[in-house]
Amino acid sequence: MSTTRILQAVTRIALCLAAVCVLARRAPAADPKSPGAEAGRKPNILLIVSDDQGYAELGVQGCRDVPTPSLDSLAANGVRFTSGYVSCPVCSPTRAGLMTGRYQQRFGHEFNPGPPAAATPDFGLPLSEMTIADRLRSLGYVTGMVGKWHLGYKSEFHPMKRGFTEFFGFLGGAHAYLDARIAADERNPILRGTQPVDEKEYLTDAFAREAVAFIDRHAREPFFLYLAFNAVHAPLQATDKYTSRFGSIKDQERRTFAAMLSAMDDAVGRVLAALRDKGLEDNTLIFFISDNGGPTVQTTSRNDPLRGTKGQVYEGGIRVPFLVQWKGRLPAGKVLDAPVIALDILPTAVAAAGGTIPADARLDGVNLLPYLTGRSNKPPHDRLFWRFGRQWAVRIGNWKLLATNAGSPQLYDLANDIGEQKDLAAEHTDKVKELQAAYDEWNATLAKPRWGQTGARPRARAGRAR
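Just so you know, the residues in each chain are numbered from 1, in the order the chain's sequence is written. In keeping with the model being predicted, local features are shown solely for residues with a pLDDT of at least 70 and side-chain atom pairs are shown and tallied solely at 80 or more, while totals for entire chains, interfaces and linings include all residues. Values reported for side chains reflect all heavy atoms of the structure, with hydrogen atoms and water molecules removed beforehand.

*Asks:* Break down the sheet that holds strand E10 (residues 322-325) for me, citing the residues and quoting the values.
*Replies:* For sheets, the rule is that strands pair by backbone hydrogen bonds, running either parallel or antiparallel. Spatial strand order, E7-E6-E5-E4-E8-E1-E9-E10-E2-E11: 10 strands in an open sheet with mixed pairing. Each edge of the open sheet carries a strand with a single partner, namely strand E7 (195-196) and strand E11 (334-336). For two strands to be treated as a pair, DSSP must find no fewer than two bridges joining them. Numbering goes from the N terminus for both helices and strands, where a helix is a DSSP run of H or I of at least four residues and a strand is a run of E of at least two. Strand direction decides the pairing type here: strand E4 (residues 142-148) and strand E5 (residues 166-170), joined by five bridges, are parallel. Opposite Gly147, over in E5, you have Gly169 as the bridge partner.

This is how it looks when you write it as structure tokens:
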């Protein structure tokens, strides 16, 4: 090749490179909504908790009179556990276990405290315990909470002292949905941070609004959002917008309950839509659970085919809706029956965030990711335990031994008797001894309750829930 042609070729290459540089400078920045913009970013964590929702109050678990399309979508796009448990059949102890990944009886948080005016002075999640918000914040997450706290009323127990950078909600165990001026809520106001606010919107809608706003504010950084609805806990209150959907339900209490459940499903749908609008859905690990079984008599909630209700260690009090979605990372539409428990959410979230938990943390929950992804076929737990005052239970495999407030322990084979109707204790004395020994060994490691069982107990039926 002649010198002239070589120079011409070099010139053409230089011109092409210059053009590429110009185009690169003029090219718009990567769309933050595009999946590519999420490459290398830690996943967001969204933990949604409903309040007093029965096992059967979910479309995918048999609910026929109340559509729950948004919640059902989590099951369709993720994993549904049919043996998902919480660590207590009432609110506050379950939340203490959920926040710490440890059986709450290990640090004396065994009972509900009663309302703010009557609560024992030292009520609160012990400051010695690290929360899921503490752990994720240390990994670079912005942490927000919207909804019901129920883990302490004093300033040192406030969510923003327990790892959350933002908070909108209330500190007590229940709250009105429509009229916050009732006497029961005078000591339990809606707070933004630490300041009371005069909330005008239906409370479930307000919580959806705040959750969406949190996602909008923090779309460009990894976040942990704890969205703890008080729905569908009493009092039964709903707006015409929601009750008008259920004119065919003649029972007034059931119609209002249906409206409240539908409102919560709409709220979840708004939050999921916000994730999609920001291009974050595929990079968000989502958990959904109820904090305990439904209190059938008070609210018409259904736990069937399970026996028992809120406040009891029968399955209806502790087995709850339990859904996990992480699009592209977890299989869609998978149903698993191995027992898992809400204590597992903390170690699973930390593992997804790339963190590790030191051995001296002594968690009782386990990382579910290997089991969820199919990398491991080994069930996450070979045994689970419950203690709630004089009530207690242990599950090993499909065998469950339990004791109520009085009487001898009862033994059930959950594989063949999910409704706990046939007590097999007299026929399988060897199993009774085995499970009793396991429970006694676990029970010996627990602390004494830091406060007593206060307030009215749920008026629950011992038989099958309606």
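*Asks:* Summarise the environment of Glu110; cite the residues concerned and give the values.
*Replies:* With respect to the element layout, Glu110 can be found in the loop between helix H3 (91-100) and helix H4 (132-137). Given a relative accessible area of 2%, Glu110 falls into the buried group. With 339 residues separating them along the chain, Glu110 and Pro449 place their C-alpha atoms 5.6 Å apart. Every residue in contact with Glu110, bar those within four places of it in the chain, is listed here: Cys88, Pro93, Gln105, Arg387, Phe388, Gly389 and Pro449. Any pair of nitrogen or oxygen atoms within 3.5 Å is treated as a polar contact; in protein, a donor-acceptor pairing is required on top of that, and neighbouring residues in sequence qualify only through side-chain atoms on both sides. A distance of 2.7 Å separates the side chain of Glu110 from the side chain of Arg387, its partner in a polar contact. A distance of 2.9 Å separates the side chain of Glu110 from the backbone nitrogen of Gly389, its partner in a polar contact. When accessible area is computed with a 1.4 Å probe and restricted to protein chains, residues below 20% of their type maximum are described as buried, those above 50% as exposed, and intermediate ones as partly exposed. It only takes one pair of heavy atoms within 4.5 Å for two residues to be counted as in contact.

*Asks:* Lay out unusual backbone geometry with the relevant residues and their values.
*Replies:* Look at the link from Ala231 to Val232: it is a cis peptide, with omega at 10 degrees. Relative to the helices and strands, Val232 is located in the loop between strand E8 (223-228) and helix H6 (240-243). Of the consecutive residues Ala234 and Pro235, the connecting peptide bond is found in the cis state with omega at 10 degrees. By the secondary structure assignment, Pro235 is in the loop between E8 and H6. With phi around 65 degrees, Asp52 is a residue other than glycine that occupies positive phi space.

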